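A structural walkthrough
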Amino acid sequence: MELITTHLHADFDALAAMVAVHKLYPEAVLAFPGSQEKNVRDFLDQGRQYEFQRLKNIPIAQITKLIVVDTRQRSRIGKFAECLKNPNLEIHLFDHHPDAPGDISGDHEVVRSVGSTTTILVDIFQRRNIEISVDEATLLLMAIHEDTGSFTFDSTTPDDLDAAVWLMRQGAQLNLLSQFIAQELSSYELGLLNDMINGAATYTIQGV
């Protein structure tokens, strides 16, 4: 089976990248490795029609192709890291984060230094003339806005702006941005958070 997943505590870039990459892998199953950020849960609770499967329903031993978006960190994909032991597993990675210790190596990797993983997938859509719906365009635009701090973070690139323009031309609805996108950390604080995540260690003490 083919599985599309992302990192724990999924944000809008993770959600949007999963929905977007499903257009490239239509036979794959979508599943989060764990929880989502509150604004993402609120968005999904409004009845958005995305076919996500529950983690407990995924037969990890049967995964033959793993598609991971918005991270390459083994420690951030939760229980799905177990499938990395599967024989003949094929791994495809889509990410915008810099290389870091603990990164998974993929058979196919699309990694670029842009403001969001969603930007990478929008570029693929443009080059392949892949059509998207208004709802999809809106979700993808929300993701780019959140991950770039509405284009104010130092990590923002011209490609992010180009992607946003294209999504608006596909009918993305700007009114939902203010409803769901709340940027509570500065770019400096987000950088510190990323460093903390990359430097985190897990210990087992008396079986806990």
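In the block above lies the structure referred to throughout.
All of the points below concern the structure found in this document. (Residues numbered from 1 in each chain as written. Predicted model: local features only at pLDDT ≥ 70, side-chain atom pairs only at ≥ 80, totals over all residues. Heavy atoms only, no water.)

A short note on the overall build of the chain
- The helix and strand tally for the chain stands at 7 helices and 5 strands.
- Computed over the C-alpha atoms, the radius of gyration of the chain is 17 Å, within 12% of the 17 Å expected from 2.2 N^0.38 for a compact globule of 208 residues.
- Principal-axis analysis of the C-alpha atoms places the extent of the chain at approximately 50 × 40 × 30 Å.
- Counting all 208 residues of the chain, 47% fall into the buried class.
- At a minimum sequence separation of 6, the contacts of the chain that also span at least 24 residues come to 72%.
- Accessible surface, the chain: about 11,000 Å² in total, of which carbon and sulfur atoms supply 48%. (Helix = DSSP H or I, 4+ residues; strand = E, 2+ residues; numbered from the N terminus. Rg over C-alpha atoms; globule rule 2.2 N^0.38 Å. Buried < 20%, exposed > 50% of the residue type's maximum accessible area, 1.4 Å probe, protein only. Contact = heavy atoms within 4.5 Å. Areas by Shrake-Rupley, 256 points an atom, 1.4 Å probe, with all protein chains shown as cover.)

Regarding the pattern of salt bridges
- Scanning the model with the defined rule gives 9 salt bridges in all.
- Arg112 is the partner of Asp123 in a salt bridge, and the nearest nitrogen-oxygen pair spans 3.3 Å. On the criterion of sequence distance, the pair formed by Asp123 in helix H3 (residues 117-128) and Arg112 in the loop between strand S5 (108-111) and H3 is long-range, its members being 11 residues apart.
- Taking relative accessible area as the criterion, Asp123 reaches 23% and is therefore assigned partly exposed.
- The class for Arg112 is partly exposed, based on a relative accessible area of 24%. (Salt bridge = Lys/Arg side-chain N within 4 Å of Asp/Glu carboxyl O.)

Description of helix H5 (residues 158-169)
- Between its terminal C-alpha atoms H5 stretches 17 Å, which fits the 16 Å expected from 12 residues at 1.5 Å a residue.
- Restricting attention to buried positions, one finds in H5 the residues Asp160, Ala163, Ala164, Trp166 and Leu167. For H5, the buried positions fall inside an angular range of 165° around the axis, keeping them on one side. Seen from the open side of H5, the exposed residues pointing more than 90 degrees away from its buried face are Pro158 and Arg169.
- Residues of H5 that are buried sit in contact with H3 and helix H4 (134-148).
- Immediately beyond the C-terminal end of H5, within one or two residues, lies Gly171, with a positive phi of roughly 100°. (Expected span 1.5 Å × (residues − 1). Arc of directions from axis to C-beta.)

A short note on the sheet that holds strand S4 (residues 90-95)
- In spatial order, the strands read S2-S1-S3-S4-S5; together these 5 strands make up an open sheet with parallel pairing. Bordering the open sheet on either side are strand S2 (29-30) and S5, each of which pairs with just one other strand.
- Helix-sheet contacts for helix H1 (residues 12-21) involve strand S1 (2-5), S2, strand S3 (65-69) and S4, and the interaxial angle to S3 is about 140°.
- Each of S4 and S5 is contacted by H3, which is oriented at about 105° to S4, the strand it contacts most. (Pairing = 2+ DSSP bridges. Axes fitted to C-alpha atoms, helices over the stretch in contact; angles between N-to-C directions.)

Remarks on the packing of aromatic side chains
- Within the structure shown, the criterion is met by 4 aromatic pairs.
- Judged by centre distance (5.4 Å) and plane angle (75°), the ring pair of Phe12 and Phe43 falls under edge-to-face. With Phe12 in helix H1 and Phe43 in helix H2 (residues 38-45), the pair connects residues that are 31 residues apart, well separated along the chain.
- Seen from their ring centres, Tyr25 and Phe94 are 6.3 Å apart, and the 75° between their planes marks the pair as edge-to-face. (Phe/Tyr/Trp six-rings, centres within 6.5 Å; stacked < 30°, edge-to-face > 60°.)

A closer look at the nonpolar core
- Counting 47 residues, the largest nonpolar core has Phe12, Leu15, Val21, Phe43, Phe94, Leu139 and Leu167 as the members making the most contacts within it.
- Within the residue set of this core, elements represented by two or more residues are H1, H2, S3, H3, H4, H5 and helix H6 (175-180).
- With 9 residues, H1 is the largest single contributor of residues to this core.
- When sequence neighbours within four positions are dropped, the list of residues in contact with Phe12 reads Asn39, Val40, Phe43, Leu139, Met142, Ala143, Glu146, Phe180 and Ile181.
- Membership of the second largest hydrophobic core comes to 16 residues, among which are Ile77, Phe80, Leu84 and Leu93. (Core = buried A, V, L, I, M, F, W, Y, C linked by side-chain atoms within 4.5 Å.)

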